[in-house]
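# Coordinates in review
For reference, the chains in residue letters:
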Amino acid sequence: CPSQTSTPGKGARSKDECSCIHSLMLEQQDGTCKCPNGTRNNAGLVCELCEANHYNSVDDAPSCLKCPAGKTTAGLQGATSEEECTCVHSLMLEQQDGTCKCPNGTRIIAGLTCELCAKGEYNTLLDSPVCPPCPSQTSTPGKGARSKSKCTCIHSRMLEQQDGTCKCPNGTSNNAGSCELCE
């Protein structure tokens with residue numbers, strides 16, 4: 001029998017009775033056996049599924065390729081292409097170049113996790129580690145603000161100025177962030 005093949009028992013009468021010895025191997029037209037994509041050929045003896053976060057798109061390869069940084073196969077084994085590697089964190093967005101980035105309104109932590117900007121912060125950049133604070137006397141309505149324009153005056157009586165700061169209107173005074181009528 002050809003390499004990597006055997007007969008199910010004794011008394012075989014032709015090469016046609018030979019089959020691949022490993023269940024994951026695929027028989028080729030020439031009668032030889034090869035490991036399919038999604039596996040690696042371990043020393044020509046056995047096909048092993050690519051481990052999680054790895055893939056292989058070539059038959060009979062000796063190793064599997066690691067998913068790009070920031071990507072995962074979500075624990076699945078036997079990935080057959082890089083397309084099966086997806087962004088690690090659910091908030092990350094895949095870019096046209098295949099990289100994963102944290103969107104605006106978030107900050108990147110340790111290069112792997114996206115966290116929403118806290119209330120009172122915003123972020124206009126992709127993959128930024130910092131969410132700048134809103135100007136004095138302003139805040140955002142909640143988490144994940146994507147622009148400074150989401151920072152609005154904290155106190156309903158305050159008037160927003162052109163520079164983005166908030167001031168109490170004429171006839172009132174600022175008392176610890178609250179506009180109170182003058183006596």
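Above this text sits the structure in question.
Residues numbered from 1 in each chain as written. Predicted model: local features only at pLDDT ≥ 70, side-chain atom pairs only at ≥ 80, totals over all residues. Heavy atoms only, no water.

For Thr39, the location among the structural elements is in strand 5 (residues 39-42). Within the local environment of Thr39, its side chain forms a polar contact with the backbone oxygen of Pro36, the two atoms lying 2.5 Å apart. (Helix = DSSP H or I, 4+ residues; strand = E, 2+ residues; numbered from the N terminus. Polar contact = N/O pair within 3.5 Å; in protein donor to acceptor, adjacent residues only side chain to side chain.)

Here we take up the state of the cysteines. In this structure the tally under the stated criterion is 7 disulfides. Two residues share a disulfide in this structure: Cys35 and Cys47, whose sulfurs sit 2.0 Å from each other. Residues Cys35 and Cys47 share a disulfide whose torsion about the S-S bond is about -95 degrees; that sign makes it left-handed. Taken as a pair, Cys35 in the loop between strand 4 (33-34) and strand 5 and Cys47 in strand 6 (residues 46-49) lie far apart in primary sequence, 12 residues in all. One disulfide bridge connects Cys67 with Cys85, the sulfur atoms lying 2.0 Å from each other. Measuring the twist about the S-S bond at about -70 degrees, one finds the Cys67-Cys85 disulfide to be left-handed. You can see Cys67 sitting in the loop between strand 8 (65-66) and strand 9 (71-72) and its partner Cys85 sitting in the loop between strand 9 and strand 10 (86-87), a full 18 residues away along the chain. A single burial state applies to Cys67 and to Cys85, both of which are buried. (Disulfide = S-S within 2.5 Å. Buried < 20%, exposed > 50% of the residue type's maximum accessible area, 1.4 Å probe, protein only.)

For the rest of this paragraph, the subject is the pairing of strand 13 (residues 106-109). Two elements, strand 13 and strand 14 (residues 113-116), share 4 bridges in a ladder whose sense is antiparallel. Within the sheet, the bridge partner assigned to Arg107 lies in strand 14 and is Glu115. Where strand 13 hands over to strand 14, the hairpin turn is made up of 3 residues, of which Ala110 adopts a positive phi near 55 degrees. (Pairing = 2+ DSSP bridges.)

Moving on, we get to the side chain of Thr140. Considering the arrangement of structural elements, one finds Thr140 in the loop between strand 15 (138-139) and strand 16 (152-153). A polar atom in the side chain of Thr140 sits 2.8 Å from the backbone nitrogen of Gly120. A polar side-chain atom of Thr140 sits 2.8 Å from the main-chain carbonyl oxygen of Gly142. Look past the residues within four positions of Thr140 in its chain and what remains in contact with it is Ala118, Lys119, Gly120, Glu121, Cys134, Ala145, Lys150 and Cys151. (Contact = heavy atoms within 4.5 Å.)

Next up on the list: the nonpolar core. By size, the foremost hydrophobic cluster in this structure holds 6 residues: Cys87, Met92, Cys100, Cys102, Ile108 and Cys114. Once you skip the residues sitting within four places of it in the chain, Cys114 turns out to touch His89, Leu91, Met92, Cys102, Pro103, Thr106 and Arg107. (Core = buried A, V, L, I, M, F, W, Y, C linked by side-chain atoms within 4.5 Å.)

Limitation: the analysis is restricted to geometry and does not speak to function.
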